[in-house]
Amino acid sequence: MSKYHVNEKGYYGPFGGAYVPEMLYPNVEELQQKYLAIMEEDSFKAEFNELLRDYVGRPSPLYYAKRLSEKYKTNVFLKREDLNHTGAHKINNTIGQILLAERLGKKRIIAETGAGQHGVATATVCALKGLECVVYMGEIDIQRQAPNVARMKMMGATVVAAQSGSKTLKDATNEALRDWINNPVDTHYIIGSVVGPHPYPDLVARFQSIISEETRKQLNEKTGKELPDYVLACVGGGSNAAGMFYHFLDEPSVQLIAVEAAGHGVDSGESAATTALGHEGVLHGSRSILMQTPDGQVIEPYSISAGLDYPGIGPQHAWLYKSGRGTYVSITDNEAMEAGLQLTRLEGIIPAIESSHALAQLEKMAFQPEDNVVVCLSGRGDKDLDNYMKYFGF
Ligand SMILES: Cc1ncc(COP(=O)(O)O)c(C=O)c1O
């Protein structure tokens, strides 16, 4: 096994583990003991692959963005996770986890959400399977991602507002963990990113690894080469990036670029640039890097993008950063919004503001004309239209 994957103790280098209250031990332990065996079952694989194909619409295309490539004088490909059912990569993971929950005999599903994409993807698979669904979402995010709140409700989910802290993703995750502690027997918590106690970071990365699995094959079909020179992805907790990196981790010629949200600027006091500002510590059940005060209080993050507005990153990312295998950078609100508009005008694709952060990084890099650069277009911008309109004054 690669040194960039989780070890048998649940760690990535010094990061990871399962730091949970005693009440949650049985749940987390059950998952740890069963997830790999369940994912290996033929019937699980068959159902997962069938749903990815016929329900999600996979494989998602690898699109050669001609005008964007001309602009950056290189070859830019977009991995079109925005074309998935429900509009983002999040559905890859929720399909996997709902099948896991079924096999664990769970009847009730809970989730946290920031941009609402994971909440929608969870509400969707619960409707598909006829399971009860409760989604925790920060009050601020409920306001800035209103279309997704409506979609969740239409699917039959209960959306509960998280009112503490910055009223965003971190606070929603706290509420979801609290719910799980109170309902340990019948409930499965579908975490939406590569965060949380072991085995979540690994199991979410495995479900998202379809992104790089397909990319290798599709790039080979298009260019005769399986390995791109660069892959770029935005990082909130880090699940689309983990999926985009997965099958390239042990290919040193592939540069892995992870893009965090700098908000109003890394030094502005209003940022979510975790690797630039953070230190090692424990958040939401795992040891990683997080933004915290010298005495260990979590610093409230800020980003215009609800999905990147998180003070930590998953433990695998902390390890990729610390080991130097990945390059971690950050992009401000303004840079992301401009990149989102640019993609719209050059390619006729409106990206999610999260994905716009990854696109904005292209501007900062020097490519060779023959390079193959893959950007994970993690989601579509429908949910962000209001924000784009307000920002640009349309
Ligand atoms: C479209 C989109 N991209 C990216 C993210 C960030 O999540 P992650 O870092 O887990 O991919 C989100 C989160 O909601 C999202 O909706």
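Residues numbered from 1 in each chain as written. Predicted model: local features only at pLDDT ≥ 70, side-chain atom pairs only at ≥ 80, totals over all residues. Heavy atoms only, no water.

J.: Explain the overall build of the chain residue by residue, including any values.
T.: Within the chain one finds 16 helices and 14 strands. With the principal axes as the frame, the chain shows a C-alpha extent of 55 × 45 × 40 Å. Buried residues in the chain amount to 61% of all 394 residues. Across the chain, every contact between residues at least 6 apart in sequence was considered, and the portion connecting residues at least 24 apart equals 74%. Approximately 14,800 Å² of the chain is accessible, and the part contributed by carbon and sulfur atoms is 51%. For the chain, the distance from the average site of its 37 positive side-chain charges to the average site of its 48 negative ones is 3 Å. (Helix = DSSP H or I, 4+ residues; strand = E, 2+ residues; numbered from the N terminus. Buried < 20%, exposed > 50% of the residue type's maximum accessible area, 1.4 Å probe, protein only. Contact = heavy atoms within 4.5 Å. Areas by Shrake-Rupley, 256 points an atom, 1.4 Å probe, with all protein chains shown as cover. Lys, Arg positive; Asp, Glu negative; His and termini not counted. Charge placed at Lys NZ, Arg CZ, Asp CG, Glu CD.)

J.: Any chance you could break down the packing of aromatic side chains for me, citing the residues and the numbers?
T.: Under the defined criterion, the tally for this structure stands at 11 aromatic pairs. Considering the side-chain rings of F44 and F48, the 6.1 Å spacing of their centres and the 25° angle between planes classify their relative orientation as stacked. Linking F44 with F48, this pair stays in helix α2 (residues 42-56), spanning four residues, or about one helical turn. By the burial criterion, F44 is buried, and F48 matches it. Ring pairs connect the aromatic residues F44, F48 and F207, which therefore count as one cluster. The ring of Y63 carries the charged tip of R80 above its face, separated from the ring centre by 6.0 Å. (Phe/Tyr/Trp six-rings, centres within 6.5 Å; stacked < 30°, edge-to-face > 60°. Lys NZ or Arg CZ within 6 Å of the ring centre and 35° of its normal.)

J.: Just give me the short version of empty space enclosed by the protein, but keep the residues and values in it.
T.: Counted according to the given criterion, the structure contains three cavities of 30 Å³ or more. When its volume is computed, the largest cavity comes out at roughly 330 Å³. Lining the largest cavity are 30 residues, and of these H89, K90, L169, G192 and G307 sit closest to its centre. Of all the secondary structure elements, the ones that give two or more residues to the lining of the largest cavity are β5 (108-113), α5 (117-129), α8 (169-182) and α11 (239-245). Its residues assigned to classes, the lining of the largest cavity shows nine nonpolar, 17 polar and four charged. Empty space within the second largest cavity amounts to approximately 60 Å³. Residue lining of the second largest cavity: V195, L283, S286, S288, I289, L290, Y310, G312, I313, G314 and P315, and that is the complete set. Its residues placed into classes, the lining of the second largest cavity shows seven nonpolar, four polar and no charged. (1 Å grid on protein atoms, 1.4 Å probe; cavity = no way out; pocket = protein on both sides within 12 Å on 5 of 7 lines; lining within 4 Å. Points joined across faces, edges and corners; volume = space filled by probe spheres on them. Nonpolar A, V, L, I, M, F, W, Y, C, P; charged D, E, K, R; others polar.)

J.: Tell me about the sheet that holds strand β7 (residues 158-162), and name the residues and values.
T.: Backbone hydrogen bonds hold the strands of a sheet together, and the pairing may be parallel or antiparallel. Reading across the sheet, the four strands line up as β7-β6-β5-β8 and stay open at both edges, with parallel pairing between neighbours. A strand with exactly one partner marks an edge of an open sheet, and here the two such strands are β7 and β8 (187-189). The mean angle between the axes of side-by-side strands here comes to 25°, regardless of whether they run parallel or antiparallel. Across five bridges, the pairing between strand β6 (residues 132-138) and β7 is parallel. Considered in β7, the bridge of M137 is made with A161. α8 rests against β5, β6, β7 and β8 of the sheet, and its axis sits at about 160° to β5. (Pairing = 2+ DSSP bridges. Axes fitted to C-alpha atoms, helices over the stretch in contact; angles between N-to-C directions.)

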